[in-house]
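Okay, here's what each chain looks like letter by letter:
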Amino acid sequence: KELAIVIDAQTVKLKFTPNIKNEESLSHYKTTRVNQCFVCGKSGSLCQFDIVPKQYRAHMDEKYKNKGWRLHDYIPLCVYCHPRALRIQSML
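Please read these numbers as outputs of a predicted model, since none were measured by experiment.

The rules behind these values
Residues numbered from 1 in each chain as written. Predicted model: local features only at pLDDT ≥ 70, side-chain atom pairs only at ≥ 80, totals over all residues. Heavy atoms only, no water. Helix = DSSP H or I, 4+ residues; strand = E, 2+ residues; numbered from the N terminus. Buried < 20%, exposed > 50% of the residue type's maximum accessible area, 1.4 Å probe, protein only. Polar contact = N/O pair within 3.5 Å; in protein donor to acceptor, adjacent residues only side chain to side chain. Arc of directions from axis to C-beta. Contact = heavy atoms within 4.5 Å. Core = buried A, V, L, I, M, F, W, Y, C linked by side-chain atoms within 4.5 Å.

## A closer look at the environment of valine 79
Inference 1: The topology assignment puts valine 79 in the loop between β4 (74-78) and α4 (81-90).
Inference 2: For the pair formed by valine 79 and leucine 46, sequence separation is 33 residues and the distance between their alpha carbons is 6.2 Å.

## Here's the deal with the side chain of glutamine 89
Inference 1: Relative to the helices and strands, glutamine 89 is located in helix α4.
Inference 2: Judged by its relative accessible area of 17%, glutamine 89 falls in the buried class.
Inference 3: Reaching out from glutamine 89, the side chain makes a polar contact with the backbone oxygen of aspartate 50 at a distance of 3.0 Å.
Inference 4: In this structure the side chain of glutamine 89 is engaged in a polar contact, spanning 3.3 Å, whose partner is the backbone oxygen of isoleucine 51.

## Regarding α4
Inference 1: Of the residues making up α4, those classed as buried are Cys81, His82, Ala85 and Gln89. Buried residues of α4, viewed axially, fall in a sector of 95°; they line one side. When the buried face of α4 is taken as reference, the exposed residues oriented beyond 90 degrees from it are Arg87 and Ser90.
Inference 2: Elements that come into contact with the buried residues of α4 comprise β3 (46-50) and β4.

## A few points about the nonpolar core
The nonpolar side chains of a soluble globular protein tend to be buried, and buried together.
Inference 1: Cys37, Phe49, Ile75, Leu77, Cys78, Cys81 and Ala85 form the largest nonpolar core, which has seven residues in total.
Inference 2: Within the residue set of this core, elements represented by two or more residues are β4 and α4.
Inference 3: When residues in this core are grouped by element, the largest group, three residues, is from β4.

Structure, rendered in structure tokens:
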């Protein structure tokens, strides 16, 4: 979809600014969260997974590093799905 420009091997620049100000995007925060793995649905032995890798976030503007922006960056994954997600993420 050409949503980003590759600057070098460790840097990408997004071509868009996420729109989180509309009511539809805020509805996610009003729903009750279920404490289960985002992938398989298991409810035990969970840990947080960063959607945006820390290596990418380090190169983002300061306004995207604050807690308000990071709240939506985590999903719960079980100890079985987390390593697989990390492997897939490292290939990106």
